[in-house]
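Coordinates in review
Single-letter residue listing:
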Amino acid sequence: MSTGRPTSSHWGPLRARVEDGQLSIVPHEIDSCPSSLLRNMGPANGHAARIHHPMVRRGWLENGSGPSQARGRDEFVRVEWPELVALLAAELDRVIDLHGNAAIFGGSYGWGSAGRFHHPQSQVHRFLNTVGGYARSVNTYSTGASSVILPHVLGAGVDAVHGLTGWSVLAEHTTLIVAFGGLPARNMAVAPGGITRHRGAAALRQIIGDGTAVVAVTPSRADCPDGPDVRWCPIDPGTDVAMMLALAWVLITGHLHDTEFLRTRCAGYDRLEAYVLGLEDGVPKTPEWAEVITGVAAAEIYTLAARMAANRTFVSVTWSLQRAQHGEQPPWAAVALAAVLGQIGMPGGGFGHGYGSMGDVGLPQRRNPLPTLPQGRNPVGAFIPVARIADMLLNPGAHFEYNGGVHRYPDARLVYWCGGNPFHHHQHIGRLRRALAMPDTVVVHEPFWTATARHADIVVPSATSLERSDIGASRNDPCLHAMHQTCDPPGDARTDYETFSELAAAMGVRSAFTEDASERDWLRRIYERWRRQLAGQGAAPPPFEEFWNAGHTELPELPDDEVMLRDFARDPETYRLSTPSGRIELFSETIQSFGYDDCPGHPTWLPPDAGPSAKYPLTLLASQPANRLHSQMDMGPASQEGKVNGREPMLMHPEDAASREIAPGSIVVISSAQGSCLAGAVLTDDIKKGCVQLSTGAWYAPLDPSDVDSPCGHGNVNTLTVDRGTSRLAQGCTGQLVSVDVRRHQGPAPAVSAHAPPRDAVPNPPARPCDGRPRSVEDRSTK
Ligand code: PGD
């Protein structure tokens, strides 16, 4: 019996096969520590929530395009492919002719699924470029603030967003890790495009087992690794910068700071010091000052500062800390703290970002290219910072500030989404729904009836990664995987490439889009181009057919001995940074010149505008989920087993629960100034008193779909979060924290209907094994 065809996913390689109409998935033998997320894949692929046919919203079909509040509650009408293609091509032509290509918003943020050729964003961007371009988005929901602030601080030439220092360097040299945000193992199971061997969590266990101490500064014990010398330092959410400044105050006033490093490797230390000592604003940033803000005892801060000075100390900050108002400050303050210690560039010391945020951080840095689908050229200049989507739709033509510039929002008439779920990733769903009523047309390519698909006018059914052939690869991973198609897409679903090929044909640009190449031609082409690029770099991957038949190819191992900024720290003149001063900018004249009150010229403690209040006394942490990736395959068993009677679990401290008469398993109503949702209570003292935790990714299930502000009956955290940029500098997403109250739900429990298809959808057929023949676009158009 065959073990199945090899393929890959964001959470690792696998083998898949179909037997008697059932899809079965097993981990690939190459990964000795496979992710439990694999368990979601088989049941999700054949779930009733799959989209089988092209669907068009009735109101759009009957009344034509235009703003509509019926999105999200209207019926869908099944259409055949020729009609869908004709409707969509005509609407694209109309918008382009009347309003120009900048009126097509094609940012289309999202992780999609693994596979370099079928990468949904590459597909949609290539297609839209072929028809004249689109308004785009910049940066990510993951690292929106860091990716703008850190180039000002360390220079654009240093990829400080992804921790560059290798795990084995930490293992050999680090004696203390001070981990702001902790080092959550759950996030190390995934990386965009896949991760062949899950080594991060094991590397961390080894480091701790060998005696490195960890102080994990986080409101949630779930973010702490296990180990004999791991100390949980519970902190009030969003206050880490105050603690970092107080640690710096102890180091400076105790003469434990490295004056030589600060003088020769940094710019603007005098300004930072004046602020820390209180000479700038009359407030010395003492541990006593920080205790009031952070809830961390002053004595603990004094002791920790002394330990940091006495050890080889690695100051690590998770990405989650910068997904909050003033999210630029935690990474900048952490760089400043590491600079005060003077250990930046020393093996095992300094600053690290993203450890515990993603599986590929801390691995050997492979700077080789990946196989990619060329996206062509976008002649349209209009853009938005990615998390300003609702703002753009609600305020067409309005000005916005970003990184020192003033720009205008495009007037988006057509929104095109392929491979993302804004109802998962965007904040304040009520506002998002109002925004999505504004454009003339919303097009969504999706394999599943997500809330995003349900809010579309034109729903294009996509194949999943198991239903197409591709090449799996990701940054820093040594393996390239041949992703063999396992089964045919259900009903009339197609790959996005097939859809865009037909659409391009209808718009008269088929050859420009396809280059007359089939899926297999493209795989061969992008693989061979990648192989040529690698020639001369000491690697000799086999020709395509050999790779394809073998199932994967592996590049030689690299040592993970990289130390971020080692050369610069040794010789700052020869290895100048690409900052204006050539040094680490603890004060940035550039940022100061922007005049932003919410992001001044040096790391600063800025309290949030909407912290806990009498009405919303608790702070909710919207963490990444452990049992699924984002919202993907939420209906799968790994995700479902974590639910409380079908609702997303909300973690709460027993003392906060007692005063509200909440018991384990109670249905609770979580409310914020933005909206509300239901969830299932889990009581634990692993969460700091005054905080609750609800993971992102529960599918949106409005109790009343006709009300844009309806509570979600399932627990989608973004009904609660605030849609506001981190600051005028980066305008990043602030979805991590929100002030809420929680009460016990009264009355009968509403049913959870998050994964039920719309009533017009047709039932799911059994899985069909594919015949292994390479697919061509012609196969589909004659179907
Ligand atoms: P996913 O659930 O991965 O979320 O947001 P993102 O939009 O990436 O959505 C991907 C979608 O692509 C899924 O619906 C999947 O079915 C679909 N898909 C998969 N394969 C294909 C394909 O081949 N073709 C097509 N057309 N579709 C496909 C992630 C984002 O969420 C991120 S990166 C972060 S870090 C965020 N973090 C937070 C946060 O901290 N707090 C809150 N409150 N919210 C967040 N949201 C952000």
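Just so we're clear, the structure is a prediction, and the values are computed from it rather than from any experiment.

With that out of the way, let us pick up the overall build of the protein. Secondary structure summary: the protein contains 26 helices and 31 strands in total. Along the longest, intermediate and shortest principal axes, the C-alpha atoms of the protein span 75 × 65 × 55 Å. Across the 783 residues that make up the protein, the buried fraction comes to 63%. Partitioning the intrachain contacts of the protein with sequence separation of at least 6 by distance along the chain shows that 75% fall at a separation of at least 24. Of the side-chain charges in the protein, 68 are positive and 82 negative, and the distance between the mean point of each set is 2 Å.

Before going further, it helps to examine the site of the ligand. Within the structure, the ligand sits among 36 residues, and H425, E446, R468, D496 and S631 are positioned closest to it. Interatomic distance of 3.1 Å between a side-chain N/O atom of Q624 and a nitrogen atom of the ligand. A distance of 2.9 Å separates a nitrogen atom of the ligand from a polar backbone atom of G735. Burial of the ligand by the protein amounts to 97% of the accessible area it has alone, namely 930 Å². Counting only elements with at least two residues in the shell around the ligand, the list comes to helix 15 (422–425) and strand 18 (441–446). Here the shell around the ligand is composed, by residue class, of ten nonpolar, 22 polar and four charged. Here the shell around the ligand spans two domains, and each of domain 1 (50–135 + 380–469 + 490–516) and domain 3 (618–744) adds at least three residues to it.

Scanning the entire structure with this criterion turns up 46 salt bridges. In this structure, the salt-bridge partner of D457 is R71, at a minimum N-O distance of 2.9 Å. A residue pair is termed long-range when its members are at least 10 positions apart, and D457 in the loop between helix 17 (451–454) and strand 19 (458–461) and R71 in the loop between helix 2 (58–63) and strand 5 (76–78) qualify at 386 residues. Pair check on accessibility: D457 and R71 agree, each one buried. Two residues, E554 and R197, come together in a salt bridge whose shortest N-O distance is 2.7 Å. In this pair, E554 sits in strand 23 (residues 552–554) while R197 sits in the loop between strand 8 (176–180) and helix 7 (200–209), placing the two residues 357 residues apart along the sequence. We classify E554 as partly exposed; its relative accessible area is 32%. Classification of R197 by relative accessible area gives partly exposed; the value is 28%. Each of E91, R94, D411, R413 and D440 takes part in one network of salt bridges that share partners.

Moving on to unusual backbone geometry. Even without a glycine there, the phi angle at N139 is positive, about 65°. Within the secondary structure layout, N139 lies in the loop between strand 7 (136–138) and helix 5 (146–154). Here N139 falls in the partly exposed class, since its relative accessible area comes to 27%.

Per the UniProt entry, the sites bearing "domain: Molybdopterin oxidoreductase" (unreviewed entry) are residues 50–505 in this numbering. With 35% helix and 16% strand, residues 50–505 has its two end C-alpha atoms placed 27 Å apart.

A word on the nonpolar core. Counting 175 residues, the largest nonpolar core has L154, F180, M243, I584, L620, I670 and V742 as its most contacted members. With twelve residues, helix 8 (residues 240–253) is the single largest residue contributor to this core. Core analysis: the next-biggest nonpolar cluster, separate from the first, contains 48 residues, V85, V460, Y497 and L555 among them.

Note that S753 resides in the loop between strand 30 (737–744) and strand 31 (768–769). In this structure the C-alpha to C-alpha distance between S753 and S65, which are 688 residues apart in sequence, comes to 29 Å.

Once that is clear, we can look at the pairing of strand 19. Alternating positions in strand 19 separate into two faces, I458 and V460 on one and V459 and P461 on the other, with burial throughout. Here strand 18 runs beside strand 19; their pairing, made up of four bridges, is parallel. Each residue of the ladder has a partner; that of V443, found in strand 19, is I458.

Moving on to the sheet that holds strand 26 (residues 649–652). One closed barrel holds the six strands; their spatial order is 25-29-26-28-27-30, and the pairing between them is mixed. Between one strand axis and the next, the sheet turns by 45° as a mean value, whatever way the strands run. Relative to strand 29 (residues 691–694), strand 25 (residues 618–621) runs parallel, the two being bridged by three bridges. Directly across from T619, in strand 29, lies its bridge partner C691.

Another aspect to go through is the domain arrangement of the protein. The assigned domain composition of the protein is domain 1 (50–135 + 380–469 + 490–516), domain 2 (158–364) and domain 3 (618–744). The centre of domain 1, based on its C-alpha atoms, is set 28 Å off from the matching centre of domain 3. With 28 residues of domain 1 in contact, the opposing surface of domain 3 contributes 32 residues. Among the residues of domain 1 in contact with domain 3, H424, Q427 and R433 are the three that bury the most area, contributing 26% of the side total. There are four salt bridges connecting domain 1 and domain 3. Residues R434 and D709 are paired through a salt bridge, measuring 2.4 Å at the closest nitrogen-oxygen approach.

Along the chain, I177 turns up in strand 8. The spacing of I177 and N311 is 134 residues in sequence and 9.4 Å in space, taken between C-alpha atoms. The contacts of I177, once residues within four sequence positions are left out, are L183, I207, T212, A213, V214, V215, F314 and S316.

This part takes up the side chain of T218. The residue T218 is located in the loop between strand 9 (213–217) and strand 10 (230–233) in this model. Beyond its immediate stretch of four places on either side in the chain, T218 contacts G181, G182, D223, C224, W232, C233, P234 and I235.

Further remarks concern the UniProt feature "domain: Molybdopterin dinucleotide-binding" (unreviewed entry) in the protein. On the UniProt side, "domain: Molybdopterin dinucleotide-binding" (unreviewed entry) is annotated at positions that read residues 618–733 here. For residues 618–733, the end-to-end C-alpha separation is 20 Å, with 9% helix and 22% strand making up the annotated structure.

Our focus in this paragraph is the sheet that holds strand 2 (residues 12–19). One open sheet accounts for three strands, arranged 1-2-3; its pairing is antiparallel. Strand pairing shows two members of the sheet lacking a second neighbour, strand 1 (5–9) and strand 3 (22–27), which therefore form its edges. For this sheet, the mean angle separating the axes of adjacent strands, direction not counted, is 40°. Pairing analysis gives six bridges linking strand 2 to strand 3, with the strands arranged antiparallel. Its bridge partner lying in strand 3, V18 is registered against L23.

This part is about the confidence of the model for the protein. Mean pLDDT over the protein works out to 96, with 97% of the residues at or above the 70 mark. Overall, residues 777–783 carries pLDDT values under 50, and its contacts beyond four positions in sequence, including any with other chains, amount to 18 contacts.

About the cut-offs
Here the residue index of a chain counts from 1 through its sequence in written order. Local features in this predicted model are restricted to residues of pLDDT 70 or higher, and side-chain atom pairs are both shown and tallied only at a pLDDT of 80 or more, whereas totals for entire chains, interfaces and linings draw on every residue. The basis for every side-chain value is the complete set of heavy atoms in the structure, and neither hydrogens nor water enter the calculation. Helix and strand assignments follow DSSP, with helices taken as H or I runs no shorter than four residues and strands as E runs no shorter than two, numbered in order from the N terminus. Using a 1.4 Å probe on the protein chains alone, a residue whose accessible area is under 20% of its type maximum counts as buried, one over 50% counts as exposed, and one in between counts as partly exposed. The contact definition used throughout considers only heavy atoms, calling two residues in contact when any of these lie within 4.5 Å. Only four residue types enter the tally: Lys and Arg on the positive side, Asp and Glu on the negative side, with His and both chain ends excluded. Positions of charges follow a simple convention, taking NZ of Lys, CZ of Arg, CG of Asp or CD of Glu. We call a residue near a molecule or strand as soon as one heavy atom of that residue lies within 4 Å of the molecule or strand. Here a polar contact is taken to be a pair of N or O atoms separated by no more than 3.5 Å, where protein atoms must pair a possible hydrogen donor with a possible acceptor and residues adjacent in sequence count only if both atoms sit in side chains. Residue burial considers only the protein chains on display, and all accessible areas are found by Shrake-Rupley using a 1.4 Å probe. All amino acids are sorted into three groups, where Ala, Val, Leu, Ile, Met, Phe, Trp, Tyr, Cys and Pro are nonpolar, Asp, Glu, Lys and Arg are charged, and the leftover types, Gly among them, are polar. What counts as a domain boundary in this text is fixed by an automatic or database domain assignment. We count a salt bridge whenever a side-chain nitrogen from Lys or Arg sits within 4 Å of a carboxyl oxygen from Asp or Glu. UniProt positions are given in the numbering used here, feature names are shortened, and annotations may be inferred rather than shown by experiment. Here, nonpolar core means buried Ala, Val, Leu, Ile, Met, Phe, Trp, Tyr and Cys residues that are tied together by side-chain atoms lying within 4.5 Å of each other. By this definition, two strands are paired if DSSP reports at least two bridges between them. Convention adopted: a line fitted to C-alpha atoms gives each axis, helices being fitted over their contacting stretch, and angles between N-to-C directions are expressed from 0 to 180 degrees. Summed over both partners, the accessible area (1.4 Å probe) lost when two parts come together is defined as the buried area. The pLDDT value tells you how sure the predictor is about a given residue, anywhere from 0 up to 100.

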